[in-house]
Amino acid sequence: MVDYSVNGSVAVLMVNNPPVNALGHAVRVGLKTGIERGAKDSRVRSIIIIGKGQTFPAGADIREFGKPSKEPWLTAVGNLIKTCSKPVVAAIHGTCLGGGLEIALFSHYRIAVSSARVGFPEVTLGLLPGAGGSQRLSRLTGLPVAMEMISSGRHVPARKAKEYGIIDEIVSGDLLKTALKFAQEVQSRPFKDRCLRYKVVPNADRVEEYASAALTQVKKKYKGFEAPVACVQAVRSSAELSYEEGMKRERDLFLQLGQSGQAKAQQYAFFAERAVTKWQMPGGSYKTAKPLPVRSTAVIGAGTMGSGIAVCLLSAGLPVYLLEQNEKFLQSGVKLIESIMAGSVKLGKVSMETAKRAATLLKPTLSYDDIKDVDLVIEAVFENLDIKKEVFSKLDKICKPSAILCTNTSTIDINRISSATSRPEKVVGTHFFAPAYHMKLLENIYGTKTSPEAVATVMKLGKTINKVPVLVKSCHGFLANRMNAPFSSEAIFLVEEGASPQEVDQVNEDFGMPMGPFKVRDLSGIDISWRINREVAKVLGTSITKETRFLGGNRYCGLNDDFYDKGRYGRKTGKGWYLYEKVGGKTAVADPEAEEIINSYRQSRGIVKRKITPQEIFERQFYSAINEGFRILEEGICNMPEEIDISWIYGFSYPKYRGGPMFYASQIGLQRVYDRICHYHETCPYSIHWVPNRLLKKLAENNVPFTQWANHVSKSKM
Ligand SMILES: CC(C)(COP(=O)(O)OP(=O)(O)OC[C@H]1O[C@@H](n2cnc3c(N)ncnc32)[C@H](O)[C@@H]1OP(=O)(O)O)[C@@H](O)C(=O)NCCC(=O)NCCSC(=O)C[C@@H](O)CCCCCCCCCCCCC(=O)O
């Protein structure tokens, strides 16, 4: 795990623990032994720590968290480095993160190649740097930088790290060779004063000012997360306490966070995000299927979604033909793309260079002929099967045979769309979430005839455009919208029965959702849900009237329709479930007129308003979604609960510190969740989504641990 060798007068400790050289127990033992050996070795006058392969250690081994800790701990290894009688040089490439940066900061010198990145990402795992990083970084960089870096987990490029004082020298050429030369040079220099422990925190007298600014920022930016606040507190103690007391304070905070549910959930989310990349479908998997190259693309439809998708592709440096049916729509799409790009530059999310390049890569067109040679097309027209089929039939005739044809449908079964082509194996769903340029989820959907090659292509495309792709099998609504359907229907039923939209939204926001379901409806547009309901009715061969109380045998609430009839479409009209300060406004306030609409709806239907508790609001929304999640698993629409959780985190901004709805259910206890679902099945009998799921029942009865749930997924998918 750590290879020891001597080159002239320099000992080289090469960490060899692929893929990221994580500082697991064996590596810690190897480093300890190596430092002790180097200190004793009479040939050796200085020591290098370096990573083999792609990186310097990228942190502690997260898989060891929660297991009994084994000595030596990282702090003990670090103390050995710090007090070593010979200078220790950290030679950094790749990602020097978390425990890796701790090791580097314990070392007497740090050199790095310019492509290296350093950081303390522990906060993203619900933790803080636990081996003194919060005490030593501030001594190097000052309090504001240390507070910001540690509470954000940001990876800092080597050059910036040098500016901050974290890196002593940026080097070029072969890192080991350069490090050997550097390590020889420092042999004659005094190095005891290089130990950060003896440095004074710059501007320590301004700690109150810095900490209060940092706390205000993190509480706003990372609302609900515990770790960022603790990170600021830990750094703060570096200025307020002695080094030893600060170390103790940091350790206490680390242990406190480590035991919290948030850390457990965030660490689960870390691995879940990686698990979903290991996709499988009948006939292929991430291991066997090769993606086709995507060098040119087209987006059909320049509306809000199409333009947002084009922004994603352009930002990744891909040329995009933007195709519309008339000049007016096309120009409005181009303007939208320009304004999204300009906004992203202003917010610092996209560089000016990227925006300028994107402008040259965008090719607006009205002609299908122009797209005949592109590698991949994404259709983003109106959510209507007939229109989509018409587009796909044209694409099939025009596009080259190898082109992958994607649809941004949010609900329609891929098989129904691909049937309009002679190449269903090349047709795949790429469902983006609004706003497409911002939300990270890319729900990729395969139909019965979609080839693994087409899937591999869109999974890779997802990564290229900086999304988190999750693969699901086609069905109506796929994964995300299928689960969202009971979640958002229950919200409206709760208001029908007596809750106010504000009460429902509050429960959701208290749980950690960034916006309650009624604010979401106002944002996405009440006219949109009105239209979707009509499409659903059409598919069911029926229509919606004032008297409609059931749709397809399921409970239906027409409150949304009453808001629509009054022209209250949400933010876009300045009023919807809430009142806004102006058309397109963002500040939602309760509106007596909206309350009146709700009251008269209830009266006209003889509904007697009742008091509804926050617990009922919570359970009816989240547990109905969880029940549907188990149905999705049971049917093999996805392979593992991680795919559901990641979809919620990146598609609906579900709080990462709760892990996702399925992980959350496992924490509550499946028996409890199942019992409550049974309760609501009795008390709310008219919704199919309350029929208790059999898989959930089985897992609950047998007390199956979360990690085993995937073994019970329908095998029909493979
Ligand atoms: C490094 C990356 C940026 C690389 O990204 P890339 O996209 O290239 O690759 P992947 O992300 O796909 O990863 C490949 C592969 O590797 C796995 N992996 C990655 N990182 C880790 C890791 N840190 N540990 C384990 N496994 C890891 C990943 O899962 C993939 O595996 P797969 O099977 O899917 O192929 C990127 O990977 C990345 O960002 N990684 C995480 C970096 C990170 O978060 N680092 C910080 C870790 S936390 C840490 O370092 C804590 C330390 O500060 C301090 C700990 C000291 C504790 C001492 C406390 C004292 C108190 C305790 C005393 C208790 C005793 C008592 O008193 O009772």
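Residues numbered from 1 in each chain as written. Predicted model: local features only at pLDDT ≥ 70, side-chain atom pairs only at ≥ 80, totals over all residues. Heavy atoms only, no water.

Observations regarding the sheet that holds strand β8 (residues 156-157)
- Across the sheet, three strands lie side by side as β5-β7-β8; this open sheet has mixed pairing. A strand with exactly one partner marks an edge of an open sheet, and here the two such strands are β5 (95-97) and β8.
- Two elements, strand β7 (residues 117-119) and β8, share two bridges in a ladder whose sense is antiparallel. Counted as the bridge partner of V118 is V156 from β8.
- Sheet strands in contact with helix α3 (residues 99-106) are β5 and β7, and its direction is about 85° off that of β5. (Pairing = 2+ DSSP bridges. Helix = DSSP H or I, 4+ residues; strand = E, 2+ residues; numbered from the N terminus. Contact = heavy atoms within 4.5 Å. Axes fitted to C-alpha atoms, helices over the stretch in contact; angles between N-to-C directions.)

Concerning the packing of aromatic side chains
- Under the defined criterion, the tally for this structure stands at 27 aromatic pairs.
- Note on F487 and F622: the rings are 5.0 Å apart at their centroids and 80° apart in plane angle, and the pair reads as edge-to-face. With F487 in helix α18 (residues 480-497) and F622 in helix α24 (residues 614-634), the pair connects residues that are 135 residues apart, well separated along the chain. Like F622, F487 is buried.
- Consider the rings of F706 and W709, whose centres lie 4.7 Å apart with planes at 55°: the pair is tilted.
- Among the residues examined, F706 registers a relative accessible area of 14% and is labelled buried.
- Three or more aromatic residues joined by ring pairs form one cluster here, namely F433, F487, F511, F618, F622, Y623, W648, F652, Y654 and Y664.
- Just above the ring of F270 sits the side chain of R274; from NZ or CZ to the centre is 3.7 Å.
- For the cation-ring pair, K363 lies above Y321, with the distance from its terminal atom to the ring centre recorded as 5.2 Å. (Phe/Tyr/Trp six-rings, centres within 6.5 Å; stacked < 30°, edge-to-face > 60°. Buried < 20%, exposed > 50% of the residue type's maximum accessible area, 1.4 Å probe, protein only. Lys NZ or Arg CZ within 6 Å of the ring centre and 35° of its normal.)

Section: the pattern of salt bridges
- As enumerated under the stated definition, the model contains 41 salt bridges in all.
- Here D527 and K572 are joined by a salt bridge, their closest N and O atoms 2.9 Å apart. Of this pair, D527 sits in helix α21 (residues 526-539) while K572 sits in the loop between α22 (559-565) and α23 (592-604), placing them 45 residues apart in sequence.
- The buried category is assigned to D527, whose relative accessible area is 8%.
- Residue K572 is classed as partly exposed on the basis of its relative accessible area of 40%.
- Note that R694 and E634 form a salt bridge whose closest N and O atoms lie 3.3 Å from each other. One end of the pair, R694, is in helix α28 (residues 694-701); the other, E634, is in helix α24, with 60 residues separating them in the sequence.
- R694 gets classed as exposed once you look at its relative accessible area, which sits at 63%. (Salt bridge = Lys/Arg side-chain N within 4 Å of Asp/Glu carboxyl O.)

Points about the domain arrangement of the protein
- The domains assigned to the protein are domain 1 (2-259), domain 2 (290-475), domain 3 (499-604) and domain 4 (614-712).
- The straight-line distance from the C-alpha centre of domain 2 to that of domain 4 is 32 Å.
- Carbon and sulfur atoms make up 70% of the area that domain 2 and domain 4 hide from each other, which totals about 910 Å².
- Counting across the domain 2 and domain 4 interface gives zero salt bridges. (Domains from an automatic or database assignment. Buried area = accessible area lost by both parts, 1.4 Å probe.)

Things to note about the pairing of strand β18 (residues 441-446)
- Among the six residues that make up β18, six are buried, leaving the element largely enclosed by the rest of the structure.
- In this structure, strand β17 (residues 427-432) lies alongside β18, joined through five bridges in antiparallel fashion. Following the sheet pairing, F432 is matched in β18 by L442.
- Pairing analysis gives six bridges linking β18 to strand β19 (residues 468-473), with the strands arranged parallel. Note on β19: the bridge partner recorded for I445 is V472.
- With helix α17 (residues 452-464) bridging β18 and the parallel β19, this β-α-β connection has right-handed handedness. (Right-handed = clockwise from strand over helix to strand, strands pointing away.)

Let's talk about the environment of V691
- You can see V691 is positioned in the loop between α27 (670-683) and α28.
- V691 gets classed as partly exposed once you look at its relative accessible area, which sits at 35%.
- Measuring from C-alpha to C-alpha, the distance between V691 and L442 comes to 29 Å, with 249 residues separating the pair along the chain.
- If near-sequence neighbours (up to four positions away) are discounted, V691 is found in contact with N627, R631 and H681.

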